[in-house]
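Each chain, written out:
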Amino acid sequence: QVTLVESGGGLVQAGDSLTLSCAASGRAFDNYAMGWFRRAPGKEREFVSAISQSVRTTYYAVSMKGRFTISRDNARNTVSMRMNSLKPEDTAVYFCAADRSYTSTHQTPSEYDYWGQGTQVTVSS
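Reading guide: rules and limits
Residues numbered from 1 in each chain as written. Predicted model: local features only at pLDDT ≥ 70, side-chain atom pairs only at ≥ 80, totals over all residues. Heavy atoms only, no water. Phe/Tyr/Trp six-rings, centres within 6.5 Å; stacked < 30°, edge-to-face > 60°. Helix = DSSP H or I, 4+ residues; strand = E, 2+ residues; numbered from the N terminus. Buried < 20%, exposed > 50% of the residue type's maximum accessible area, 1.4 Å probe, protein only. Pairing = 2+ DSSP bridges. Axes fitted to C-alpha atoms, helices over the stretch in contact; angles between N-to-C directions.

A. Spotlight on the packing of aromatic side chains. On inspection of all chains with the given rule, the structure shows six aromatic pairs. Look at F37 and F47: their rings are 5.7 Å apart centre to centre, the planes differ by 70 degrees, and that puts the pair in the edge-to-face class. A residue pair is termed long-range when its members are at least 10 positions apart, and F37 in strand β4 (residues 33–39) and F47 in strand β5 (residues 45–51) qualify at ten residues. Residue F47 is classed as buried on the basis of its relative accessible area, which comes to 9%.

Quick look at the structure:
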């Protein structure tokens, strides 16, 4: 069992930066790939970024690549995502998730085994 708790959301202006963090409790954090997803009002949950168990591979949605950076600290059981140049369309609830598979794409919600409750990010224009 893995429990995930996100933090760092808030209200920012367009162009600002924000760092989201996700603290994991439970066993063998480094056995899980970690991902960030988001759900905007009236829209489906969408993939944002992910990082492999080994930290060697990162994945980004096309619209976030270059603006968002995912990282993890296996010693602290945390994963973070730095978001730069935020846009109003980035407004959403952001979720942290854990995927125990070493062979999945890490980019589809159904591949993930555990989810946090989410943290709201609101970007004003």
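Now that the structure has been shown, the text picks up again.
B. How the structure looks around unusual backbone geometry. Although it is not a glycine, N77 adopts a positive phi angle of roughly 55 degrees. By the element assignment, N77 lies in the loop between β7 (68–73) and β8 (78–83). Phi at S85 is positive, roughly 50 degrees, even though this residue is not glycine. With respect to the secondary-structure elements, S85 resides in the loop between β8 and β9 (92–99). Look at S85 and you get partly exposed, because its relative accessible area is 39%.

C. Local environment of the sheet that holds strand β1 (residues 2–7). Spatially, four strands are ordered β1-β3-β8-β7 in an open sheet, and the strand pairing comes out antiparallel. The strands lining the two open edges of the sheet, one partner per strand, are β1 and β7. Adjacent strand axes in the sheet meet at a mean angle of 15 degrees, parallel and antiparallel pairs treated alike. Both β7 and β8 contribute to a ladder of six bridges, which runs antiparallel. The residue of β8 that forms the bridge with F68 is M83.

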